[in-house]
Amino acid sequence: MYGNSQKTKPIYHFSDLEKDAQNAIRPEVFTYIQSGSGNEETLEDNVRAFRKWKIVPQFLHDVSILDLSISILGESYEHPFLLAPVGHLGAVHPNGELAVARAAKNTRVPFIGSTVTTFSLEEIARELGNTPRWFQLYWSKDRELTASLVKRAEKAGYSAILVTIDTPILGFREADLTNQFFPLREGYGSGNYFSDPVFRKRLKETPEENPDAAIEELLKIVFHPALSWKDLRFIRELTNLPIFLKGVLHPKDGRKALEYGMDGIVVSNHGGRQLDGVIASLDALPQIVKEVKGEIPILFDSGIRRGTDVLKAIALGATGVLLGRPYVYGLARNGFEGVVEVLDHFRNDIDVSLATAGKARISELDSTILVRG
Ligand SMILES: Cc1cc2nc3c(=O)[nH]c(=O)nc-3n(C[C@H](O)[C@H](O)[C@H](O)COP(=O)(O)O)c2cc1C
């Protein structure tokens, strides 16, 4: 056990967590986290896809000592999961990403910081101490700003860059449109921009003098719809950090990531928040694994809710997974302690799932433990 976060009744099932979170925060913020784009078919399919695979355990193997560690690009990680980049966490809890960073430090779970955080990447890094951290990049229309963000991340000890490729523009998120809730517009995603010298140079008045004008400027440059494969050369030359592409769904994009010298990919559909009707992330995984042939690590997210989901994704060829909505709900219901509780229970669930699947090590998982159900 990592923490003693059991002041309130402990919470285990994802739907209980979701319900509790709903009761704890503003309805439009809850909806922002919970909802997907369009008709929310992909959001549902992400979870349903896991049910199509069944685990067939083999017993009488020594599972008295469990090893959940994974290795990514030669680095060993104690857990098979990292915290997915999630923006605007100041809308969820006043301590936002700082509370999550502290929970990451307490549980030794690697943290991936979003570009659109409420606090700056340096403030988050201070809270993390020497916890492993990566930086997710929304590639800005302003190339000098993009470079500045990457350089700042390098300096603050982030050890990999995840370029999110599935967001040339924001998906059609009907629930947020209905609520007219746009956290970027409300200033919850400006931590890295308002603190950036290149961004500040673009403004006539400082963000402190005129925050509304600064946010207008941010909205103009946050995404880069013209971004294309050839632009990756720029970031490849800019940094020696490993670069992952987040949002790969097509096997050919997996192959192209290799050709363009990327160090890894994240198979993800952004938790069903970009294009509705796209393939469930888990359904996309096997073909991508086949195409990439083990040449670079393949991380996975979208739909991870419990230990068996981790086993299934890794058995299908993922190197490790990213946990998204569950920890955000933990933050909503109980701040730092709420995140620790979610991570603690998630880790225990993986332990139990592995042992009861008859395996002692995550590294022993492969597709032979699965059948289509
Ligand atoms: C509220 C919210 C905000 C998110 N913000 C970002 C972000 O800033 N950058 C990014 O690359 N992905 C973002 N994501 C996507 C997550 O990184 C991840 O892909 C997704 O949460 C996985 O789906 P799941 O949480 O349903 O498992 C966000 C997801 C949620 C739920």
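What counts as what
Residues numbered from 1 in each chain as written. Predicted model: local features only at pLDDT ≥ 70, side-chain atom pairs only at ≥ 80, totals over all residues. Heavy atoms only, no water. Salt bridge = Lys/Arg side-chain N within 4 Å of Asp/Glu carboxyl O. Helix = DSSP H or I, 4+ residues; strand = E, 2+ residues; numbered from the N terminus. Buried < 20%, exposed > 50% of the residue type's maximum accessible area, 1.4 Å probe, protein only. Near = heavy atom within 4 Å. Polar contact = N/O pair within 3.5 Å; in protein donor to acceptor, adjacent residues only side chain to side chain. Areas by Shrake-Rupley, 256 points an atom, 1.4 Å probe, with all protein chains shown as cover. 1 Å grid on protein atoms, 1.4 Å probe; cavity = no way out; pocket = protein on both sides within 12 Å on 5 of 7 lines; lining within 4 Å. Sits in = over half its atoms within 2 Å of the grid points. Core = buried A, V, L, I, M, F, W, Y, C linked by side-chain atoms within 4.5 Å. Contact = heavy atoms within 4.5 Å. Axes fitted to C-alpha atoms, helices over the stretch in contact; angles between N-to-C directions. Parallel < 35°, antiparallel > 145°, perpendicular 65-115°, else oblique. Left-handed = near helix turned anticlockwise from the far one by under 90°. Nonpolar A, V, L, I, M, F, W, Y, C, P; charged D, E, K, R; others polar. Phe/Tyr/Trp six-rings, centres within 6.5 Å; stacked < 30°, edge-to-face > 60°. Lys NZ or Arg CZ within 6 Å of the ring centre and 35° of its normal. Points joined across faces, edges and corners; volume = space filled by probe spheres on them.

Engineer: Would you mind going over the pattern of salt bridges with me for this structure?
Structural biologist: If charged atoms from side chains of opposite charge come close, those side chains can pair. This model, assessed by the stated rule, comprises 24 salt bridges. In this structure, the salt-bridge partner of arginine 48 is aspartate 45, at a minimum N-O distance of 3.3 Å. Highlighted residues: arginine 48 and aspartate 45, both in helix α3 (residues 41-51), separated by three residues, approximately one helical turn. We classify aspartate 45 as partly exposed; its relative accessible area is 30%. Residue lysine 52 is joined to aspartate 283 by a salt bridge in which the shortest nitrogen-to-oxygen separation is 3.1 Å. Here aspartate 283 lies in helix α13 (residues 281-292) and lysine 52 lies in the loop between α3 and β1 (53-55), a separation of 231 residues in the sequence. What emerges from the salt-bridge pattern is a single network uniting Asp142, Arg202, Glu217 and Lys220.

Engineer: Would you mind going over the site of the ligand with me for this structure?
Structural biologist: By nearness alone, 23 residues border the ligand, and Pro85, Ser114, Thr164, Arg305 and Arg325 come closest of all. One of the side-chain nitrogen or oxygen atoms of histidine 270 is found 3.3 Å away from a nitrogen atom of the ligand. In the environment of the ligand, an oxygen atom lies 2.8 Å from a nitrogen or oxygen atom belonging to the side chain of aspartate 301. Relative to its unbound accessible area of 610 Å², the ligand is 98% covered by the protein chains. More than half of the atoms belonging to the ligand lie within 2 Å of the grid points that define the largest pocket.

Engineer: I would appreciate a short explanation of the nonpolar core in the present structure.
Structural biologist: Across soluble globular proteins, nonpolar side chains have a tendency to be buried as a group. Residues Trp134, Ile265, Phe300 and Tyr327 are the most contacted members of the largest nonpolar core, which totals 123 residues. Per-element accounting of this core gives the leading share, 13 residues, to helix α15 (residues 325-356). If sequence neighbours within four positions are ignored, phenylalanine 300 has contacts with Phe50, Val266, Val267, Ser281, Leu282, Leu285, Ala313, Ala318, Gly320, Val321 and Leu322.

Engineer: Help me understand unusual backbone geometry, please; the structure alone is not making it clear to me.
Structural biologist: Excluding glycine, a negative phi dihedral is what most residues carry, and trans is how most peptide bonds are arranged. Phi angles above zero are rare outside glycine, and leucine 73 is one such case at about 50 degrees. For leucine 73, the location among the structural elements is in the loop between β2 (70-72) and β3 (75-77). Using a relative accessible area of 43% as the deciding quantity, one classes leucine 73 as partly exposed. The backbone of lysine 293 shows a phi angle near 50 degrees, a positive value even though the residue is not glycine. Among the secondary structure elements, lysine 293 is positioned in the loop between α13 and β10 (298-300).

Engineer: Explanation requested: the packing of helix α4 (residues 96-107) against α15 in the structure shown.
Structural biologist: In a pair of packed helices, the angle between the axes and the distance between the axes together describe the arrangement. Interaxial distance between α4 and α15 falls to 8 Å at its minimum, and their mutual angle equals 15 degrees. Judged by the angle between their axes, α4 and α15 are roughly parallel. The element α4 and its partner α15 pack so that their crossing is left-handed. Side by side, α4 and α15 meet where Gly96, Ala99, Val100, Arg102, Ala103, Asn106 and Thr107 of the first sit next to Tyr327, Leu331, Gly335, Phe336, Val339, Val340 and Leu343 of the second. Considered class by class, the residues forming the contact of α4 with α15 number nine nonpolar, four polar and one charged.

Engineer: Sorry, what's going on with the packing of aromatic side chains here?
Structural biologist: Counted by the stated rule, this structure contains 13 aromatic pairs. When the ring of phenylalanine 14 is compared with that of tyrosine 329, the centres are 5.7 Å apart and the planes differ by 50 degrees; the resulting orientation is tilted. Highlighted residues: phenylalanine 14 in helix α1 (residues 14-24) and tyrosine 329 in helix α15, separated in sequence by 315 residues. Accessibility classification places phenylalanine 14 together with tyrosine 329 in one group, the buried group. Between the aromatic rings of phenylalanine 135 and tyrosine 158, the centroid separation amounts to 5.9 Å while the plane-to-plane angle is 80 degrees, which identifies the pairing as edge-to-face. On the criterion of sequence distance, the pair formed by phenylalanine 135 in strand β6 (residues 133-137) and tyrosine 158 in the loop between α6 (143-155) and β7 (161-164) is long-range, its members being 23 residues apart. The pair phenylalanine 135 / tyrosine 158 is uniform in exposure class, with both members buried. Among the aromatic residues, those joined into a ring-pair cluster are Phe14, Phe30 and Tyr329. Looking at arginine 143, its charged tip hangs above the ring of phenylalanine 234, at a distance of 4.2 Å from the centre. Sitting above the plane of the tryptophan 53 ring, arginine 372 keeps its charged end 4.5 Å from the centroid.

Engineer: Sorry if this is basic, but what is going on with the layout of surface pockets here?
Structural biologist: Once rolled over the atoms, a probe with the size of a water molecule shows which space is left empty. When its volume is computed, the largest pocket comes out at roughly 930 Å³. Considering the residues around the largest pocket, the lining is formed by 47 residues, among which Tyr32, Leu170, Arg173, His270 and Arg273 are closest to the centre. At the level of elements, α2 (27-34), α7 (174-179), α10 (211-221) and α15 are the ones that each hand at least two residues to the lining of the largest pocket. The leading source of residues in the lining of the largest pocket is α10, at three residues. Grouping the constituent residues of the lining of the largest pocket by class yields 25 nonpolar, 12 polar and 10 charged.

No statement about biological role is implied by the geometric values presented.
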